[in-house]
Amino acid sequence: MLYSCSSIKNYTPQKKYAVSDLQQDYTLLRNILEKKHPSLYWYTSKDSIDMYFNKYYNSITDSMTEQQFGWKVLAPLTNKIKCGHTSFGRSKNYAQWSRNKKFPSFPLSLKCWNDTMVITSNMNRKDSVLRRGMLISSINGIRNKELTQTLFEHMTKDADAENVNYLRLSSNFPYYHRNIFGISKAYVVTYIDSAGLEKEISLPVINLEKDTTRKQKDASLVKRKKGENKQRRIEDDRSLAIDTANNTAIITINTFSSGRLRTFFRHSFHYIKQAEIKNVVIDLRSNGGGKIKASTLLTKYVSRIPFKVADSSFTVVKSLRPYTKYIKQGFLNNLGLFFLTRKSKSGVYHFKHWEKKVYQPKTNNHYSGDLYILINGSTFSASTIFCNVVKGQEGVTLAGEEAGGGWYGNNGILIPDITLPKTGLRVRLPLFRLVQFNHVAKDGRGVMPDMYIGTSYDALLKGFDKKKQVVMEMIKEKNRLRN
């Protein structure tokens, strides 16, 4: 503890690491990925991966800060693997040093889709020109399409399911722009005015200072209402709402990692059965995944047929040695690999439980009525497994946009961090490849909706949920025909 506190106190993000230190970290990372990653060559050929490894190693020609090494070398490298679970993160020292700090920033938050960028907020309160809803066509001379693609080259995804990255940019465009392009004293922004004309404006960088007064006030509030805040966090993870007029239950599940889901599912589907609800909407648009057991439990409540989680799930190693010390909970993960897997004739080690276990739909409180599942690019990992199983079943409609999780499969189950010893940077290492039950051909896309409902500019301006609105209109029409 004393050593940790001292290292944080002495930490500075401006520290530059020698070329030899960066090369050592990079070489270690390459060795671990080549020997332990289950899908390094799944969507990118070995020849191409080798070429990228050499390219980014050769780019280490001068000393770099942690930030430079991470975003200029590790981020584009992990992008080429096309695995949404293989991404880099900053060091623990940086995470603690940066907590509650504000950084200079590009002043606009943007909603991004295809080659469109729309202002959702402007942090410069004195700016009377750029307002919510205005279209942006370029930043610092880089047009929308080229700008988006450049940013995407530093972001991870499953195969070619790029939709997740549009939502990542939309949730924090200034963060990605700052880290990938750096800070400018001023930003030259091209926008479309009310007359449809393209105009140019120079925007100053925004410097947001930490508001210590507000922080102290918020901290005391949390202390006084600790129990209330805990309950609010649980409700943020999942919720149940009833539209009595349309005889519809709307279940929102934002994660499969927390939220006391077992109890929530049991109570929710019991109520739905007792109240004779005819329509259920499950909203997974903010669900980035989590525990496969939780995803599977939800599937059991709504699946019309028996199902499995995976056609195959395997790892390429029986142990993380000789790299155990660089991998989080390496000893425990070694135990898991040893006891949970069995070697096949092909030389890989299969996790038979997910391949062989056939799950039966629930007998108590099972729901078999009309089911609508809202998905988009943030629907990822375990939530994609759920969508894949129920897609195509009678009475089930997936609505929205392409999921961010790969339809053919993904990498996960155990995903420890690699910590690079010189810089402290971390890279996530999935240990298993999971090919989904009744998967589609390996086309590199995410789970597709049965009914596509794209981004609506009008809904963005007026602040309503277009996807949910379309589904509720369908439900109203079906109710009308029933009656």
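These lines cover the structure that appears in this document, whether it is placed above or below. A quick note: this is a predicted structure, and the numbers were derived from the prediction, not measured.

The helix and strand inventory of the chain stands at 17 helices and 22 strands. Projected onto the principal axes, the alpha-carbon positions of the chain cover approximately 70 × 65 × 50 Å. Within the chain, the proportion of its 483 residues that are buried is 51%. If you average the places of the 77 positive and of the 40 negative side-chain charges in the chain, the two averages end up 9 Å apart.

Strand order across the open sheet formed by 6 strands is S10-S11-S12-S16-S17-S22, with mixed pairing between neighbours. The two strands at the open ends of the sheet, each matched to only one other strand, are strand S10 (238-243) and strand S22 (451-452). Judged from the 5 bridges that link them, strand S11 (residues 248-253) and strand S12 (residues 279-283) form a sheet pairing that is parallel. Bridge pairing in S12 links Ile251 to Ile282. Contacts between helix H15 (residues 382-390) and the sheet are confined to S12, strand S16 (370-375) and strand S17 (396-400), with S16 contributing the most and set at about 140° to the helix.

This next bit is on unusual backbone geometry. Most peptide bonds are trans, and most residues other than glycine sit at a negative phi. Across the junction of Arg321 and Pro322, the peptide omega takes the value 5°, indicating a cis bond. Note on placement: Pro322 falls in the loop between strand S13 (310-315) and helix H13 (330-340). If you check the backbone angles, Asn100 has positive phi at about 70° while not being a glycine. Note on placement: Asn100 falls in the loop between helix H5 (92-98) and strand S4 (108-113). Residue Asn100 is classed as partly exposed on the basis of its relative accessible area, which comes to 41%. In the Ramachandran plot, Asn114 falls in the positive-phi region, its phi being about 50° despite a non-glycine side chain.

All right, on to the sheet that holds strand S20 (residues 426-428) then. Overall, antiparallel pairing links the 3 strands, which are arranged S3-S20-S19 in an open sheet. Looking along the sheet, the strands with just one partner apiece sit at the ends: strand S3 (88-89) and strand S19 (417-419).

Turning to the nonpolar core, a few remarks are in order. Side chains of a nonpolar character, in soluble globular proteins, are inclined to be buried together. Grouped together as the largest cluster of nonpolar side chains are 71 residues, with contacts concentrated most on Tyr26, Phe69, Leu74, Leu108, Leu110, Ile136 and Phe173. Per-element accounting of this core gives the leading share, 7 residues, to helix H4 (residues 66-81). In this structure Leu110 touches Met117, Val118, Ile119, Thr120, Ile136, Ile139, Leu169, Ser170 and Phe173, once residues within four positions along its chain are discounted.

With respect to the helices, strands and loops of the structure, Thr341 is situated in the loop between H13 and strand S14 (342-343). Within the structure, the side chain of Thr341 is placed 2.4 Å from the backbone oxygen of Leu337, a separation counted as a polar contact. Apart from the residues within four sequence positions on either side, Thr341 is in contact with Thr315, Lys318, Gly336, Tyr349, His350 and Phe432.

The next point concerns the pairing of S11. Of all 6 residues making up S11, 6 are buried, and the element is well covered by its neighbours. Burial along S11 is two-sided: the residues Thr248, Ile250 and Thr252 and Ala249, Ile251 and Ile253 are all buried. Pairing between S10 and S11: 6 bridges, direction antiparallel. Within S11, the position partnered with Leu240 by the bridge is Ile251. Where S10 folds back on S11, the antiparallel hairpin that results is connected by 4 residues, among which Asn247 adopts a positive phi of roughly 50°. Regarding topology, helix H11 (residues 261-274) serves as the crossover connection from S11 to the parallel S12, and that connection is right-handed.

Here is what the cut-offs are and how they apply
Residues numbered from 1 in each chain as written. Predicted model: local features only at pLDDT ≥ 70, side-chain atom pairs only at ≥ 80, totals over all residues. Heavy atoms only, no water. Helix = DSSP H or I, 4+ residues; strand = E, 2+ residues; numbered from the N terminus. Buried < 20%, exposed > 50% of the residue type's maximum accessible area, 1.4 Å probe, protein only. Lys, Arg positive; Asp, Glu negative; His and termini not counted. Charge placed at Lys NZ, Arg CZ, Asp CG, Glu CD. Pairing = 2+ DSSP bridges. Contact = heavy atoms within 4.5 Å. Axes fitted to C-alpha atoms, helices over the stretch in contact; angles between N-to-C directions. Core = buried A, V, L, I, M, F, W, Y, C linked by side-chain atoms within 4.5 Å. Polar contact = N/O pair within 3.5 Å; in protein donor to acceptor, adjacent residues only side chain to side chain. Right-handed = clockwise from strand over helix to strand, strands pointing away.

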